[in-house]
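# Close look at the chain arrangement
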Amino acid sequence: NFDPTPGGLPPAATVLSARLGLYCFDRNLTGPLEIGAYEVVRPWTESGASWQKATAATVWDVQGCGDMVTDYSFTPVSTETVDSEGAWQYFDVTDQVQDWITNPASNQGFVLIGSDNQRIYYYCSSEWALAELRPELVVEWSGSPPTPTPTASPTPTATSSGPTPTSTATRTPT
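## Observations concerning the side chain of serine 106
Locating serine 106 in the fold gives a position in the loop between α1 (94–102) and β5 (110–114). Of note is the side chain of serine 106, whose polar atom sits 2.7 Å from the backbone oxygen of asparagine 103. Leave out the neighbours within four places in its chain, and serine 106 touches Glu39, Asp99 and Trp100.

## Description of α1
Among all positions in α1, only Thr94, Gln96, Val97, Trp100 and Ile101 are buried. Along the axis of α1, the buried positions cluster into a sector of 165°, meaning they face one direction only. The outward face of α1, more than 90 degrees from its buried face, is lined by the exposed residues Asp95 and Thr102. Residues of α1 that are buried make contact with β1 (14–27), β2 (33–39), β4 (87–92), β5 and β7 (136–142).

## Notes on the sheet that holds β5
As summarised here, the arrangement of the 3 strands in space is β3-β2-β5, forming an open sheet in which the pairing is antiparallel. Bordering the open sheet on either side are β3 (78–82) and β5, each of which pairs with just one other strand. Taking the axes of each pair of neighbouring strands and ignoring which way they run, one obtains an average angle of 25° across the sheet. Judged from the 5 bridges that link them, β2 and β3 form a sheet pairing that is antiparallel. Looking across to β3, one finds that leucine 33 is bridged to valine 82.

## Side note on the pattern of salt bridges
One pass over the structure, following the stated rule, counts 5 salt bridges. One salt bridge in this structure joins aspartate 83 and arginine 27, with 3.2 Å as the shortest N-O distance. With aspartate 83 in the loop between β3 and β4 and arginine 27 in strand β1, this pair connects stretches of sequence that are 56 residues apart. A residue is classified by how much of its surface remains accessible, and aspartate 83, at 44% relative accessible area, is partly exposed. Across the salt bridge formed by arginine 42 and aspartate 71, the nearest N and O atoms sit 2.7 Å from each other. Pair noted here: arginine 42 is in the loop between β2 and β3 and aspartate 71 is in the loop between β2 and β3, with a separation of 29 residues, a long-range link. Summarising the burial analysis for this pair, arginine 42 and aspartate 71 share the class buried. Residues participating in the shared-partner salt-bridge network are Arg27, Asp83 and Glu85.

The rules behind each value
Residues numbered from 1 in each chain as written. Predicted model: local features only at pLDDT ≥ 70, side-chain atom pairs only at ≥ 80, totals over all residues. Heavy atoms only, no water. Helix = DSSP H or I, 4+ residues; strand = E, 2+ residues; numbered from the N terminus. Polar contact = N/O pair within 3.5 Å; in protein donor to acceptor, adjacent residues only side chain to side chain. Contact = heavy atoms within 4.5 Å. Buried < 20%, exposed > 50% of the residue type's maximum accessible area, 1.4 Å probe, protein only. Arc of directions from axis to C-beta. Pairing = 2+ DSSP bridges. Axes fitted to C-alpha atoms, helices over the stretch in contact; angles between N-to-C directions. Salt bridge = Lys/Arg side-chain N within 4 Å of Asp/Glu carboxyl O.

This is the structure in structure tokens:
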């Protein structure tokens, strides 16, 4: 999943467009494939997710985030027909990203599902060696940027480099 807030999108931002970009580096068969980008609805963690599990302690209802009710939404957010490798492929995810801005807890990312189980398109992941080919979320938005909040900073205190003299009352004969 992508977190749109580190880029500075304020909670009141209006998303004008959002595109999920994935670089296809290979495929097993030539020919077009219709791919749907579906919203994941089950919470998962990157460190705990596997084919069987969403988190270290929770399994997917169907392996691989495969249940269209409890693991992902029934209706695709976006559908694209792809027919090339060695190229970027984009999915329009504008409405979903707007929902993530206004309701960050709903952001569980997307799962891609193809219409033909025999055709496989391979995409670069977020760990891909070449950073420029990793998945991207391109967002155009409008609205006011967040207002900076002043923060107090410590005020430097003068210190001496040697011992500090201290007044001490002493009896003196008179």
